[in-house]
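Notes for the structure review
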Amino acid sequence: MSIFEASDIVEIAVRIEENGANFYKFAEQLAKQEEAKKLFAFLATEEIAHKKIFEGIFAKMEKYSPPESYEGEYSSYLRDYVDSNIIFTKEAMDKELAKVKDTASALDFAIRRELDSILYYHEIKRFVPATQHATLDQIIEEERKHFSRLSAAKKQYCS
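The present account deals with the structure reproduced in this document.

Rules used throughout
Residues numbered from 1 in each chain as written. Predicted model: local features only at pLDDT ≥ 70, side-chain atom pairs only at ≥ 80, totals over all residues. Heavy atoms only, no water. Salt bridge = Lys/Arg side-chain N within 4 Å of Asp/Glu carboxyl O. Helix = DSSP H or I, 4+ residues; strand = E, 2+ residues; numbered from the N terminus. Buried < 20%, exposed > 50% of the residue type's maximum accessible area, 1.4 Å probe, protein only. Axes fitted to C-alpha atoms, helices over the stretch in contact; angles between N-to-C directions. Parallel < 35°, antiparallel > 145°, perpendicular 65-115°, else oblique. Left-handed = near helix turned anticlockwise from the far one by under 90°. Nonpolar A, V, L, I, M, F, W, Y, C, P; charged D, E, K, R; others polar. Phe/Tyr/Trp six-rings, centres within 6.5 Å; stacked < 30°, edge-to-face > 60°. Core = buried A, V, L, I, M, F, W, Y, C linked by side-chain atoms within 4.5 Å. Contact = heavy atoms within 4.5 Å.

**Quick word on the pattern of salt bridges**
Taken as a whole and assessed by the stated rule, the structure comprises eight salt bridges. Residues Lys51 and Glu18 are paired through a salt bridge, measuring 3.5 Å at the closest nitrogen-oxygen approach. With Lys51 in helix α2 (residues 34-60) and Glu18 in helix α1 (residues 6-30), the pair connects residues that are 33 residues apart, well separated along the chain. Judged by its relative accessible area of 21%, Lys51 falls in the partly exposed class. A salt bridge links Lys51 to Glu55; the nearest nitrogen and oxygen atoms lie 3.4 Å apart. A residue pair is termed a helical-turn pair when its members lie 3 or 4 positions apart in one helix, as Lys51 and Glu55 do in helix α2 at four residues.

What follows is the structure, encoded as structure tokens:
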């Protein structure tokens, strides 16, 4: 029996991207150099673009609607789960942002989170039916592209 449907995973992906955009916006505010500010603004825009891609995937999927005590209970649970346990958590951001002193350390943090995302999506595949693995593979591919953009930016700005 599956614990999650692929639609649940895509909804979590949307939340991960929202949290990532928040990180980049915060990093943009911390940056002192104009070039770094522009870089973080670009990365926030990229996260928002990923969110839209995932929302498009989500809109085309059959949704899982478990029984709820009140409307939105399950969605609230998924959002809280992501905020508390996955990738760009508030605690991780607070702890890591204290270490972000420059563009290189911010990019290192973002690259680690993208790799964590890729690993998460690979691991979660075991909890969804095989017929829905293609949707997760789309998400993984989008995260790989983002990781590549971050890696290229690190080479460009931090070499």
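**With respect to the packing of helix α5 (residues 103-124) against helix α6 (residues 133-158)**
Closest axis-to-axis distance for the α5/α6 pair is 9 Å, and the angle between their directions is 165°. Here α5 lies roughly antiparallel to α6, going by the angle between them. Seen along the crossing, α5 lies across α6 with a hand that is left-handed. Tallied by class, the residues present in the contact of α5 with α6 amount to 16 nonpolar, five polar and five charged.

**Regarding the packing of aromatic side chains**
Using the criterion set out here, one finds three aromatic pairs in the structure. Where Phe23 meets Phe109, the ring centres are 4.4 Å apart and the plane angle is 50°; that geometry is what we call tilted. Of this pair, Phe23 sits in helix α1 while Phe109 sits in helix α5, and the two are 86 residues apart along the sequence. A single burial state applies to Phe23 and to Phe109, both of which are buried. Taken together, the ring pairs connect Phe23, Tyr24 and Phe109 into an aromatic cluster.

**Structural notes on the nonpolar core**
With 18 residues, the main nonpolar core has Phe23, Tyr24, Phe40, Leu43, Leu107 and Leu150 as its most contacted residues. Listing elements by their share of this core, those giving two or more residues are α1, α2, α5 and α6. One finds Val14, Ile16, Leu136 and Ile140 within the second-largest nonpolar core, a separate group that totals 17 residues.

**Some thoughts on the packing of α2 against α6**
Axis separation between α2 and α6 bottoms out at 11 Å; the angle between their running directions is 170°. It follows that α2 is roughly antiparallel to α6 by the angle criterion. Of the residues in α6, those in contact with Glu35, Leu39, Leu43, Glu46, Glu47, His50, Ile53, Phe54 and Ile57 of α2 are Thr135, Gln138, Ile139, Glu142, Glu143, His146, Arg149, Leu150, Ala153 and Tyr157.

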